[in-house]
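Listed below, chain by chain, are the residues.
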Amino acid sequence: MPAGAVIEFHNISKRFGGVAAVHDLSFTVEPGRVTGFLGPNGAGKTTSLRILLGLVAASSGTATFDGVRYRDLPHPLKTVGAALEAASFHPGRSARSHLGVYAIAAGLPRTRVMEVLTQVGLAAHADQRVGGYSLGMRQRLGLAYALLGDPGVLVLDEPINGLDPEGIRWIRGFLRDMAAGGRTVLVSSHLLSEVAQSVDDVVIIARGELVHLGPLSSLDTDAAPQTIVDSPDREDLAATLTAAGISFSIGRTGLLASTGDPALLGHLAFEAGIELSVLHRQKAGLEDSFLALVGGGHSL
Amino acid sequence: MTMFLRCVSAEFSKIFTTRLWWILAIVLFCYIGLLAGSLAALFAGIQTGVISPDAVNTGGGSTDLGDLPSLIYSFASSVGYVFPVLLGTLATTGEFRHQTLTPTFLATPRRGLVLGAKTVTLILVGAGFGVVALAASVGLGGGVLSAFGVDALLFDSETWLLVTRTLLAMGLWAAIGVGLGVLVPNQVASIVTVLAFTQFVEPLLRLAASFLEVTAKIGNFLPGAASDALVGSSFLNLANPSASLPLDWWQGGLVLLGYALVATVIGYAVSWKKDVT
């Protein structure tokens, strides 16, 4: 089992022309865990990952694997496996030939080609030209490329995009297995809900800057609790809440009262003799915390 | 060194796992075969009197065609050179177009090494195209000459020198294609450049340059003229018999190599080492 490496971003900045795509980004990714790299589209995720992999030059800062830059790794594909968002295939080449080219370049045994194609479930399509592949099959081929050198580090950019439900379930298990084996797994997504079931840690960026870093549970805060309450006599209920000094707004399923205490509302209604049809606490979910962090999520 | 050899091997694999190489090779063979075969028949017919010289409009020029076999055989490079250029250009621009630079540079982060390996590979495959083109020009052209009773000079050392230099020229043309591909990474723009320059601009420039002795000297350094000098014979020299002496064969070879190196080095700086996004 290949050992994972610690990924470190040190003060990475990147400007395209005058525009800062990434600004002073620093974080580390530990082996043995799945780390979600999250942010809205255009937040700088892909640019950061391409800097990490030496495909894009940082304007300043360094990104390393156990202290070594990608281009200085003695055996890059055996150390780091990467699947980036872009479909990087010649449409006229078969999956077998595509992987074969890079197995030769990296000095890997040709037997690895069929092993990884089997691993991602593409063995039956190995000799089909990639031009005819569906988006989901291309994603799997990208993943097969990442696995070619049996690396200890996996860097995957939006691997769930374009997968069918069965594929999504498969990749979630796959990510867990990889981390359980001691590998470092960094996986980007613009949707927290896509990866919430698989990740241990989250790194959240917005507009090129780090906005949150920590275990997934750190997102599970309840900063603005609300309780949904409704009654056949909605006007009476509203008057009672106003009298008790509890602010509320009118939602689709009732009144959204700004309190995290349903018992208090139940008691007020009981005292006022108002029949309740709805009473339950609305918990701010992970997604809400995520959206609040990345700035309302208008670009989502 | 083993890393470089692995890169060369991977570049060979890239070329031979898509269909382009054999499509180009077949078109090259048919094109050169048709041209060399039919012109061999025409010229041999004139030379042997089968076709009356009076029946041919020689434009007032001489009907002395010089060394007829060399002329026919040189069609392999003087006409066929555009094929290795196209192969080299497509091998490079295809990496940009299909975004295969990403997996390529992930497998081999040393980009200069990759470009060097691609150049070496294309020189060898270009020479392979030379074999195909010569099979057409010497095989079919020489066959037609023999059929007309003209000595095809197949066992003449001059012929084999021409064959060897043709292989070298075709290899260097493929390297020029690689250089052009990094210089103009947009595939459509690159192909248009190749076709416009080789089929139209350069032939006109060579013709225009031939009218004055001083421009003719400069015209000798055009890539097509340098290639013909390297190979040692070309039908284009028939059009301007008054031109100054062409370059020596080795000078022509160095000029071609120079074009390839300059284009590749500049292309490396302007596109190959840039961000892959």
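In this text the structure is predicted, and so the values were computed from the model without any measurement.

Draft legend 1. Structural context of the overall build of chain B. When helices and strands are counted, chain B shows 13 helices and zero strands. In chain B, the succession of helices and strands from N to C terminus is α-α-α-α-α-α-α-α-α-α-α-α-α. Its C-alpha atoms give chain B a radius of gyration of 20 Å, near enough to 19 Å, the size a compact globule of 277 residues would have. Considering only C-alpha atoms, chain B reaches an extent of 65 × 40 × 30 Å along its principal axes. A total of 277 residues make up chain B; the buried ones form 48% of that total. Taking all contacts inside chain B whose residues are at least 6 apart in sequence as the whole, residues at least 24 apart take part in 82%.

Draft legend 2. Seen up close, the interface of chain A and chain B. Of the residues lining the interface, 27 residues belong to chain A; the matching set on chain B comes to 23 residues. Mapped by element, the contributors of at least two residues to the side of chain A that touches chain B are helix H2 (76-79) and helix H3 (95-105) of chain A. With six residues, H3(A) is the single largest residue contributor to the side of chain A that touches chain B. Counted by class, the side of chain A that touches chain B contains 17 nonpolar, seven polar and three charged residues.

Draft legend 3. Spotlight on the nonpolar core. One finds Ala144(A), Leu148(A), Val155(A), Ile32(B), Ala174(B) and Ile176(B) to be the most contacted residues of the largest nonpolar core, which totals 148 residues. Formed by eight residues, the second largest nonpolar core is a distinct cluster that contains Leu241(A), Ala257(A), Leu265(A) and Ala269(A).

Draft legend 4. Highlighting the packing of helix H2 (residues 20-47) of chain B against helix H5 (residues 82-97) of chain B. All names here are of chain B. Contact geometry of H2 with H5 gives a least axis separation of 10 Å together with a crossing angle of 165°. By the criterion of interaxial angle, the relationship of H2 to H5 is roughly antiparallel. Once H2 is placed against H5, the crossing between them reads as right-handed. Residues Leu 20, Trp 21, Leu 24 and Leu 28 of H2 form the contact with H5, whose participating residues are Phe 83, Leu 86, Leu 87 and Leu 90. Taken together, the residues of the contact of H2 with H5 break down into eight nonpolar, no polar and no charged.

Draft legend 5. Just the sheet that holds strand S2 (residues 19-29) of chain A, in detail. Residue and element names in this part refer to chain A. Read from one edge to the other, the open sheet built from three strands follows the order S2-S1-S4, with strand pairing classed as antiparallel. Each end of this open sheet is capped by a strand with a single partner; those strands are S2 and strand S4 (60-65). For this sheet, the mean angle separating the axes of adjacent strands, direction not counted, is 20°. Pairing geometry for strand S1 (residues 7-16) and S4, over five bridges, is antiparallel. Across the sheet, residue Phe 9 finds its bridge partner in S4, namely Ala 63. Seen against the sheet, helix H1 (residues 45-52) touches S1, S2 and S4 and runs at an angle of roughly 115° to S1.

Draft legend 6. Just the sheet that holds strand S7 (residues 184-189) of chain A, in detail. Residues and elements named next belong to chain A. Reading across from one edge, S5-S6-S7-S3-S8-S9 is the order of the six strands in this open sheet, with mixed pairing throughout. Strands with a single pairing partner mark the edges of an open sheet, and in this sheet they are strand S5 (80-83) and strand S9 (209-215). When strand polarity is set aside, the average angle formed by the axes of neighbouring strands in this sheet is 15°. Each of strand S3 (34-38), strand S6 (153-157), S7 and strand S8 (201-206) is contacted by H1, which is oriented at about 150° to S6, the strand it contacts most. Relative to the sheet, helix H10 (residues 286-293) contacts S3, S8 and S9, its axis offset from that of S8 by approximately 35°.

Draft legend 7. Examining the pairing of S9(A) more closely. Residues and elements named next belong to chain A. Summarising the sheet, S8 and S9 pair through six bridges and their orientation is antiparallel. Bridged to Ile 204 within S9 is His 212. As consecutive antiparallel partners, S8 and S9 are separated by two residues, and within that stretch Arg 207 has a phi angle of approximately 50°, a positive value.

Draft legend 8. Just the environment of Leu279(A), in detail. Residues and elements named next belong to chain A. Locating Leu 279 in the fold gives a position in strand S13 (residues 278-282). Look at Leu 279 and you get partly exposed, because 17 C-beta atoms sit within 10 Å. Distance from Leu 279 to Leu 265, taken between C-alpha atoms, is 8.2 Å for residues 14 residues apart in sequence. With near-sequence residues (within four places) excluded, Leu 279 lies in contact with Val 229, Pro 262, Leu 265 and Gly 266.

Thresholds applied
- Residues numbered from 1 in each chain as written.
- Chains lettered and ligands numbered in written order.
- Predicted model: local features only at pLDDT ≥ 70, side-chain atom pairs only at ≥ 80, totals over all residues.
- Helix = DSSP H or I, 4+ residues; strand = E, 2+ residues; numbered from the N terminus.
- Rg over C-alpha atoms; globule rule 2.2 N^0.38 Å.
- Buried ≥ 20, exposed ≤ 12 C-beta atoms within 10 Å, placed from the backbone.
- Contact = placed C-beta atoms within 7 Å.
- Nonpolar A, V, L, I, M, F, W, Y, C, P; charged D, E, K, R; others polar.
- Core = buried A, V, L, I, M, F, W, Y, C linked by C-beta atoms within 7 Å.
- Axes fitted to C-alpha atoms, helices over the stretch in contact; angles between N-to-C directions.
- Parallel < 35°, antiparallel > 145°, perpendicular 65-115°, else oblique.
- Left-handed = near helix turned anticlockwise from the far one by under 90°.
- Pairing = 2+ DSSP bridges.

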